Amino acid sequence: MNICMLEDNMDNELVCLVSDLEEQEALRVVREGLAEGVAPSAILADTRKALDIVGERYEASEYFIPDLMYAGAIAGQILDIVKPRIQEANDQTEPVGKMLIGTVAGDIHDIGKNVMVFLLEANGFRVKDLGIDVGKEVFVEEIKSFQPDIVGLSGLLTSVFETMKETVDAIEAAGLRDGRNIIIGGGQVDETVKDYTGADGFAADAGVGIQQCLSWMGEARK
Ligand code: B12
């Protein structure tokens, strides 16, 4: 047991190391865990728990913007290590569905979106991730070529709720809404924002988002 586990009373070494920004130790634990057969989905779940703690520490003024960026970079490296394992498993099977996702224009937050992407892949979706600050025209063009079953719009800033609405409107105006669902996600979205933007669903948590997407594809988990 290391010091951070004693101090924070956490029983999970990876959650503790990532939330304490112990980059090298965290990456070592991830690599050893994978070698010992720990499920990639468990590593992703722990990484998400750690990012929630980082967010809480930021709001409590214990962490500052550089710490958030560092936490994001550590999470990104973990996701990079885990991703090939998830892809290996997915290559063996037909995808559950196709999902196009991006953070809408005006917003550069992507940690939560990336968690959602990895959970989608872990659950058998083929995912095209458009990245951050994605304009509505780009969503429209990518829907035409990728033909997703579901479109996911991520946004953490309240100021981009309008952009989400404009993106949904543009998809509708291009005649690309029929036969596919649109889900919005981000820490501050709720039923009211969903109704305002005209999306079909919302999720302020990736676990809820996965359940919604699986249910749309007819594979809801019990
Ligand atoms: C980390 C962070 C940053 C990092 C982002 C790094 C990165 N690569 O993403 C940096 C430092 C860059 C940043 C910048 C800014 N930030 Co900031 N940031 C945060 C912080 C602390 C944590 C966000 C996070 O990653 N959480 C952890 C993840 C795992 O959670 P999540 O994003 O909510 O994602 C989950 C769900 O929402 C969902 N989800 C997410 N996307 C999607 C998509 C779909 C389709 C689905 C289904 C689900 C889903 O699944 C995820 C996993 O469960 C939040 C505070 C908070 N508590 O959210 C502020 C916060 C979002 N930021 C805020 C602000 C104000 C800013 C800045 C404007 C600050 C500034 N003055 O420059 C800039 C904005 C720049 C821009 N144009 O976007 C405010 C927003 C307030 C508001 N009312 O809009 C917040 C709420 C902080 C606060 N309390 O004031 N930020």
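Our subject is the structure that appears above.
Each residue is numbered by its place in its chain's sequence as written, counting from 1. In view of the model being predicted, local features appear only for residues whose pLDDT reaches at least 70, and side-chain atom pairs are presented and counted only at 80 or more, with totals across whole chains, interfaces and linings using the full set of residues. Here the side-chain values reflect all heavy atoms present in the structure, with hydrogen atoms and water set aside.

A. View of the coordination of the cobalt atom of the ligand. With water excluded from the atoms, a metal site may look incomplete; its donors are any N, O or S atoms within 2.8 Å, or within 3.2 Å for Na, K and Ca. Donor atoms from the protein around the cobalt atom of the ligand number only one, His 109 (NE2), found at 2.3 Å. Checked against the element boundaries, His 109 lands in the loop between β1 (97-103) and α6 (111-122). Secondary structure elements follow DSSP: runs of H or I of four or more residues count as helices, runs of E of two or more count as strands, with numbering from the N terminus.

B. View of the site of the ligand. Note on definitions. A residue lies near a molecule or strand when any single heavy atom of the residue is within 4 Å of it. Taken together, 31 residues lie near the ligand, and Glu 59, Ile 108, His 109, Asp 110 and Ser 154 sit nearest. Between N or O atoms, a polar contact is any pair within 3.5 Å; within protein, one atom must be a potential hydrogen donor and the other a potential acceptor, and residues adjacent in sequence are included only when both atoms are from side chains. In the model, an oxygen atom of the ligand is placed 2.8 Å from a nitrogen or oxygen of the Ile 108 main chain. At a separation of 2.9 Å, an oxygen atom of the ligand approaches a polar backbone atom of Thr 158. Only protein atoms enter the calculation, which uses a 1 Å grid: trapped sets of points that fit a 1.4 Å probe without letting it out are cavities, open sets showing protein on both sides within 12 Å along at least five of seven lines are pockets, and any residue with an atom within 4 Å of a point is a lining residue. Put plainly, a molecule is in a cavity or pocket when over half of its atoms are within 2 Å of the grid points there. Put simply, the ligand lies in the largest pocket. Elements with a contribution of two residues or more to the shell around the ligand: α4 (40-59), α5 (65-91), α6, β3 (150-154) and β4 (181-185). For the shell around the ligand, the element with the most residues is α6, which contributes four residues. Three classes are used: nonpolar for Ala, Val, Leu, Ile, Met, Phe, Trp, Tyr, Cys and Pro, charged for Asp, Glu, Lys and Arg, and polar for all others, with Gly counted as polar. The residue inventory of the shell around the ligand, partitioned by class, reads 15 nonpolar, 10 polar and six charged.

C. Fine view of helix α10 (residues 206-216). If you check which residues of α10 are buried, you get Ala 206, Gly 209, Ile 210, Cys 213 and Leu 214. Along the axis of α10, the buried positions cluster into a sector of 130 degrees, meaning they face one direction only. With a side-chain oxygen positioned 2.7 Å from the backbone nitrogen of Gly 207, the residue opening α10 is Asp 205. Note on α10: the residue one or two positions beyond its end, Gly 218, has a positive phi of about 80 degrees. For every residue, the accessible area obtained with a 1.4 Å probe (protein chains only) is divided by the maximum for its type, and the residue is called buried under 20%, exposed over 50%, and partly exposed between those limits. The reported arc concerns the directions from the helix axis to the C-beta atoms and nothing else.

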